[in-house]
Amino acid sequence: MSMTSIGRLLSRGHYSAPPPLDLSHNIVLYLEGISVSFDGFKALNNLNLYIEAGELRCIIGPNGAGKTTMMDVITGKTRPDTGSAWFGQTIDLLALSEPEIAQAGIGRKFQKPTVFPNHTVFENLELALAGERSVWKVLFAKLSPSQIARIDQVLETVGLKDHRSTQAGSLSHGQKQWLEIGMMLVQEPKLMLVDEPVAGMTPQETEKTAELLVSLAGERSVVVVEHDMDFVRSIARTVTVLHEGSVLAEGSIDKVQNDPKVVEVYLGE
Ligand SMILES: Nc1ncnc2c1ncn2[C@@H]1O[C@H](COP(=O)(O)OP(=O)(O)O)[C@@H](O)[C@H]1O
Ligand SMILES: [Mg+2]
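Parameters and conventions
The numbering scheme is per chain: residues are counted from 1 as the chain's sequence reads. Just so you know, chain letters begin at A and ligand numbers begin at 1, following the order they were written in. Side-chain atom pairs in this predicted model are given and counted only at pLDDT of 80 or more, local residue features only at pLDDT of at least 70, and totals for whole chains, interfaces and linings cover all residues. A score between 0 and 100, pLDDT records how confident the predictor is in each residue. Our contact criterion uses C-beta atoms placed from the backbone: two residues qualify when those atoms are within 7 Å. Any two strands between which DSSP finds at least two bridges are classified as paired. Helix and strand assignments follow DSSP, with helices taken as H or I runs no shorter than four residues and strands as E runs no shorter than two, numbered in order from the N terminus. Here, axes are lines fitted to C-alpha atoms. For helices the fit covers the stretch in contact, and angles between N-to-C directions go from 0 to 180 degrees. What makes a residue near a molecule or strand is its C-beta atom, placed from the backbone, lying within 6 Å of it. Three residue categories are used. Nonpolar comprises Ala, Val, Leu, Ile, Met, Phe, Trp, Tyr, Cys and Pro, charged comprises Asp, Glu, Lys and Arg, and polar comprises the others, including Gly. Only buried residues count toward a nonpolar core: Ala, Val, Leu, Ile, Met, Phe, Trp, Tyr and Cys, linked into one set through C-beta atoms within 7 Å. Residues with at least 20 neighbouring C-beta atoms inside 10 Å of their own are called buried, those with 12 or fewer are called exposed, and the rest are partly exposed, where every C-beta is derived from the backbone. Note that domain bounds follow an automatic or database assignment of domains.

Draft legend 1. Representation of the confidence of the model for the protein. Overall, the prediction assigns the protein a mean pLDDT of 89, with 88% of residues at 70 or greater. Segment residues 1–14: pLDDT under 50, and 15 contacts once partners within four positions in sequence are set aside and those in other chains are kept.

Draft legend 2. View of the sheet that holds strand 7 (residues 191–195). Spatially, 6 strands are ordered 6-7-8-3-9-10 in an open sheet, and the strand pairing comes out mixed. Looking along the sheet, the strands with just one partner apiece sit at the ends: strand 6 (106–109) and strand 10 (246–251). Shown here is a sheet whose adjacent strand axes are inclined to one another by a mean of 20°, direction ignored. Strand direction decides the pairing type here: strand 3 (residues 56–60) and strand 8 (residues 221–225), joined by 4 bridges, are parallel. Bridge assignment links L56 to a residue of strand 8, and that residue is V222. Contacting strand 3, strand 7 and strand 8, helix 8 (residues 203–216) runs over the sheet at an angle of about 145° to strand 8.

Draft legend 3. Representation of the site of ligand 1. Surveying the vicinity of ligand 1 reveals the residues F38, A43, G61, N63, G64, A65, G66, K67, T68 and T69. In terms of residues, the shell around ligand 1 owes the most to one element, helix 2 (residues 67–74), which gives 3 residues. Classifying every residue of the shell around ligand 1 by side-chain character gives 3 nonpolar, 6 polar and 1 charged.

Draft legend 4. Seen up close, the sheet that holds strand 4 (residues 82–87). A sheet is described by the order of its strands in space; here 4 strands give the open sequence 2-1-4-5, paired in antiparallel fashion. Both outer strands of the open sheet, strand 2 (41–52) and strand 5 (91–92), are each paired with one neighbouring strand and no more. Taken together, the 5 bridges between strand 1 (residues 27–38) and strand 4 define a ladder with antiparallel strand orientation. Bridging from a neighbouring strand, E32 pairs with S84 of strand 4.

Draft legend 5. Fine view of the nonpolar core. The biggest cluster of nonpolar side chains holds 68 residues, and the ones touching the most others in it are I74 and L179. Of all the elements, helix 7 (residues 173–185) adds the most residues to this core, at 6 residues. Looking at which domains feed residues into this core, each of domain 1 (22–105 + 191–268) and domain 2 (109–188) gives three or more. Excluding anything up to four places from it in sequence, I74 contacts L29, A85, L93, I106 and L193.

Written out as structure tokens, the structure reads:
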């Protein structure tokens, strides 16, 4: 094979945007009757959750409530003992592997940033765009103009345009979190799951993150797990309170914060 055809092959990449999602009932995620047991202990107990298309939802709840386990079920990392999980009208999440769920359009950001510290911000986004290809192949390959445009658009969205060539390792903690949100965004998810995005951030970074997450909802759905109540107040339309693996309360932040059941659970923490 000639060098040019190898180059062409590499530059084509393995990445493709997620297939269209059937949102005809305006619901992006259905979790129904989900239970997960660990050695007889029910981490999730008949959990029901519905997320609307374009919604920004906050999930709160005391430690051990099942928030992370819920995200593990959605992303295919943990299989429930009972229940069903659908992405849009037609995609049965319980029938898909973890990579297939990611490819279908569900992105997840873990609490700890996992950027590549020795690569630039741009290269990190390039690597995220390429998915599972090796670092060498990705950085050797030539990006298409539309791929470059997409990365530049994401840089703008997450506020890192001026840090395009900065080594990711030298970014602030907040900037690393934004980069990681960007790494999810280049893959064009329809549903983003974000675990404790503002932990360890400065007040200014927290405020910028609130604006960013609000701006991301609409075109996609965003589910945020967060402890910081002021932050939740600043972004949430609907808040779901988890407790002992089930939904304890759901509604506006004012409604749930004044709910005696919620007050009791948080006082007992
Ligand atoms: N792999 C596991 N093995 C055993 N117990 C687990 C496992 N993962 C979670 N748990 C338990 O399930 C419960 C829910 O945990 P988790 O989903 O992490 O809660 P949260 O994220 O709301 O703090 C906790 O009591 C936790 O100890
Ligand atoms: Mg957790």
